[in-house]
Amino acid sequence: MKKKILLVLAIVFAVVFAVTIGLTVYMGQATSLVSDTGIKTGQQNNVIGYDAEIDTFFIGTRSGKLVAYDNATKEVKWELNLEKAKPINAMVVRPATDRVYIGSDDNHVYTIDLNTGAIVNDLDIQRRVMDVDVSTDESKIVVVCKSNSDAFVMTYDLASGEQLSKVKYTYM
């Protein structure tokens, strides 16, 4: 019986090891797009987005900057310094409506015009924003937040800023 348990454990560890190596190789290939761009921000980058239609990278930094780079020229198209938004934790790029949505530790979700860098909307979530996603019609935004030992998944109406739902998760 002990030998069977040891054999099963050895197989499990071998599979985990193989998956880890596979993921390491895959991630090295997946991140080559970013390293091959030649874009250097001079800061700690936290999130990245890309719009293929206008060939532009959007990089959110740990210092609260959102920078749009033209991929062809590697030049800065625009830069938005959100001094209180340190770090930018989440980003969704929506080329169809020319919007970039970002969430940060300053408890806000910002809607940014992706062509100009202007803030179009500022939604105060009142909790650290860890992740965001936007409905396909861009009428609602789902926000994952953190507060002490609790996490929340909340849905907001983007036009009014009204909170539509809130689910609380407590973790240890």
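Structure: see above.
The sections below set out a description of the structure shown in this document. All values reported here derive from a predicted model rather than from experimental measurement.

Looking at the sheet that holds strand E1 (residues 45-51)
Taken together, the four strands give an open sheet; going across it, the order is E1-E2-E3-E4, and neighbouring strands pair in antiparallel fashion. Unpaired on one side and paired on the other, E1 and strand E4 (76-81) mark the two borders of the sheet. On average, each strand axis in the sheet is tilted by 15 degrees relative to the strand beside it, whichever way the strands run. In the sheet, E1 pairs with strand E2 (residues 56-61) via six bridges, with the strands oriented antiparallel. Its bridge partner lying in E2, Asn45 is registered against Thr61.

Focus: the pairing of E4
Of the strand pairs in this sheet, strand E3 (residues 65-70) and E4 are connected by five bridges, and their pairing is antiparallel. By the bridge assignment for E4, Val67 is matched with Glu79. In sequence, E3 turns back onto E4 through a hairpin of five residues, with Lys74 there showing a positive phi of about 65 degrees.

Here we look at the pattern of salt bridges
Within the structure shown, the criterion is met by five salt bridges. For the salt bridge of Lys65 with Glu79, the shortest nitrogen-to-oxygen distance reads 3.0 Å. A residue pair is termed long-range when its members are at least 10 positions apart, and Lys65 in strand E3 and Glu79 in strand E4 qualify at 14 residues. Residue classification places Glu79 among the partly exposed positions, given a relative accessible area of 45%. A salt bridge links Asp133 to Arg94, with the shortest nitrogen-to-oxygen separation between them at 3.5 Å. Placement of the pair is Asp133 in strand E9 (residues 128-134) and Arg94 in strand E5 (residues 88-94), with a sequence separation of 39 residues. Overall, the relative accessible area of 43% leaves Asp133 in the partly exposed class.

Looking at unusual backbone geometry
Its identity as a non-glycine residue notwithstanding, Asn107 has a phi of 75 degrees, on the positive side. Mapped onto the elements, Asn107 comes out in the loop between strand E6 (99-104) and strand E7 (108-113). Phi is positive for Glu138, close to 55 degrees, though the residue is something other than glycine. Exposure remark for Glu138: the relative accessible area of 14% places this residue in the buried category.

Side note on the sheet that holds strand E12 (residues 163-170)
One key point about sheets: their strands pair by backbone hydrogen bonds, in either a parallel or an antiparallel sense. On the basis of which strands lie adjacent, the open sheet formed by four strands has the order E9-E10-E11-E12 and antiparallel pairing. Both outer strands of the open sheet, E9 and E12, are each paired with one neighbouring strand and no more. For this sheet the average axis-to-axis angle between neighbouring strands, irrespective of direction, equals 15 degrees.

Cut-offs applied
- Residues numbered from 1 in each chain as written.
- Predicted model: local features only at pLDDT ≥ 70, side-chain atom pairs only at ≥ 80, totals over all residues.
- Heavy atoms only, no water.
- Pairing = 2+ DSSP bridges.
- Helix = DSSP H or I, 4+ residues; strand = E, 2+ residues; numbered from the N terminus.
- Axes fitted to C-alpha atoms, helices over the stretch in contact; angles between N-to-C directions.
- Salt bridge = Lys/Arg side-chain N within 4 Å of Asp/Glu carboxyl O.
- Buried < 20%, exposed > 50% of the residue type's maximum accessible area, 1.4 Å probe, protein only.

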